[in-house]
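Reading the structure
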Amino acid sequence: MANWEELRGRCMACRKCALAETRTNVVFGAGPRDAEVMFIGEGPGENEDLQGEPFVGKGGQLLDEMLSLIDLDRTRNFYITNIVKCRPPHNRDPLNTEQDACIGYLEEQIDLLKPKIIVCLGRIAAARLIKPDFKITREHGQWFRLEDGVWRMAIYHPAALLRDPDKRPDTFADLRALRAKIREVCTRTY
Ligand code: URA
Ligand code: SF4
């Protein structure tokens, strides 16, 4: 199996889909490589493309603030990345063909990290990682356990929380459920 540096090197040089033509930086992921909790968004936005780091724009700042309330910090106890590693132009949703081209990197990241918990940020990640017909409005905050034994949940995407602050109380409740699950199944996170 690959190691992190070998995988990162392959990903940084990747030209498997057309997003390679328009990206500034490949956004591989951030956080400790032994974290028990993994957050997964859909794809880099403008700030992420410019800085090469996931979730560093307004949405990312909101996410970091909300996660700090349950003692999660990307420098310390979670890993964060995206379904596609290069920015879709004008922040459109990543196409299925682009997701198919890129998903292998995420699968290798999951194999290396071996997270206990995966939190999907928004519908696109949940559709890919939980079930294709995932309904974010109805199913955010619910736990799913697939054959690999990893606990999976989706919360609203931070961009949706910026657009619609009325969704924030639901997300706080989901994060309290996440904190409880971390206490139940993780040994090194808190
Ligand atoms: N939105 C995402 O889905 N991912 C990022 O990294 C930034 C914004
Ligand atoms: Fe490669 Fe993924 Fe970037 Fe496409 S989005 S070029 S598959 S790293």
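Refer to the structure above for everything that follows.
Residues numbered from 1 in each chain as written. Chains lettered and ligands numbered in written order. Predicted model: local features only at pLDDT ≥ 70, side-chain atom pairs only at ≥ 80, totals over all residues. Heavy atoms only, no water.

Its location among the elements puts Glu139 in helix H7 (residues 136-139). Contact partners of Glu139, with chain neighbours within four places excluded, come to Lys131, Asp133, Phe134 and Phe144. (Helix = DSSP H or I, 4+ residues; strand = E, 2+ residues; numbered from the N terminus. Contact = heavy atoms within 4.5 Å.)

A separate point is the site of ligand 1. With respect to spatial proximity, the complete set of residues near ligand 1 consists of Gly41, Glu42, Gly43, Pro44, Gly45, Glu48, Pro54, Phe55, Asn82 and His157. The contact in question runs from an oxygen atom of ligand 1 to an N or O atom on the backbone of Glu42, over 2.9 Å. Asn82 has a polar side-chain atom sitting 2.7 Å from a nitrogen atom of ligand 1. Considered on its own, ligand 1 offers 240 Å² of accessible surface; in the complex 90% of this is hidden by protein. Put simply, ligand 1 lies in the largest pocket. (Near = heavy atom within 4 Å. Polar contact = N/O pair within 3.5 Å; in protein donor to acceptor, adjacent residues only side chain to side chain. Areas by Shrake-Rupley, 256 points an atom, 1.4 Å probe, with all protein chains shown as cover. 1 Å grid on protein atoms, 1.4 Å probe; cavity = no way out; pocket = protein on both sides within 12 Å on 5 of 7 lines; lining within 4 Å. Sits in = over half its atoms within 2 Å of the grid points.)

So, about the site of ligand 2. Surrounding ligand 2, one finds Cys14, Lys16, Cys17, Leu19, Ala20, Arg23, Lys85, Cys86, Ala101, Cys102 and Tyr105. The pocket occupied by ligand 2, as judged from atoms lying within 2 Å of grid points, is the largest cavity. Within the residue set of the shell around ligand 2, elements represented by two or more residues are helix H2 (19-22) and helix H5 (96-113). For the shell around ligand 2, the leading source of residues is H5, giving three residues. Class assignment of the residues belonging to the shell around ligand 2 gives a composition of eight nonpolar, no polar and three charged. (Nonpolar A, V, L, I, M, F, W, Y, C, P; charged D, E, K, R; others polar.)

This paragraph deals with the packing of aromatic side chains. Tallied over the entire structure, the rule returns five aromatic pairs. With 6.2 Å between their ring centres and 90 degrees between their planes, Trp4 and Phe28 make a pair best called edge-to-face. You can see Trp4 sitting in helix H1 (residues 4-12) and its partner Phe28 sitting in the loop between H2 and strand S1 (37-41), a full 24 residues away along the chain. By relative accessible area, which is 2% here, Phe28 ends up buried. Between Phe39 and Phe78 the ring centres are 5.0 Å apart and the planes differ by 65 degrees, which places this aromatic pair in the edge-to-face class. Residue Phe39 is located in strand S1, and its partner Phe78 is located in the loop between helix H4 (58-68) and strand S2 (79-82); the two are separated by 39 residues in the primary sequence. (Phe/Tyr/Trp six-rings, centres within 6.5 Å; stacked < 30°, edge-to-face > 60°. Buried < 20%, exposed > 50% of the residue type's maximum accessible area, 1.4 Å probe, protein only.)

Turning next to empty space enclosed by the protein. A probe as big as a water molecule, rolled over the atoms, marks out the empty space that is left. Applying the stated criterion to the full structure yields two cavities of 30 Å³ or more. Approximately 100 Å³ is the volume found for the largest cavity. Elements with a contribution of two residues or more to the lining of the largest cavity: H2 and H5. Considering every element that reaches the lining of the largest cavity, the biggest residue donor is H5, with three residues. Of the residues belonging to the lining of the largest cavity, the class tally is 11 nonpolar, no polar and three charged. Approximately 50 Å³ is the volume found for the second largest cavity. Every residue along the wall of the second largest cavity is listed here: Leu62, Leu63, Met66, Ile155, Tyr156, Pro158, Leu161, Thr171 and Leu175. Those elements that provide at least two residues to the lining of the second largest cavity are H4, helix H8 (158-163) and helix H9 (168-185). A per-element tally of the lining of the second largest cavity places H4 first, with three residues. Here the residues of the lining of the second largest cavity sort into eight nonpolar, one polar and no charged. (Points joined across faces, edges and corners; volume = space filled by probe spheres on them.)

Pairing between side chains becomes possible if they bear opposite charge and their charged atoms approach one another. Here the structure, examined in full by the defined rule, presents 13 salt bridges. Linking Arg92 and Glu98 is a salt bridge whose minimum nitrogen-to-oxygen distance equals 2.8 Å. The exposure class assigned to Glu98 is buried, which follows from its relative accessible area of 4%. Notably, a salt bridge pairs Lys131 with Glu139, separated by 2.6 Å at the nearest N-O pair. For Lys131, a relative accessible area of 25% gives the class partly exposed. Overall, the relative accessible area of 9% leaves Glu139 in the buried class. By sharing partners, the salt bridges in this structure join Glu6, Arg10 and Glu108 into a single network. (Salt bridge = Lys/Arg side-chain N within 4 Å of Asp/Glu carboxyl O.)

Such coordinate-based values are descriptive only and should not be taken to indicate function.
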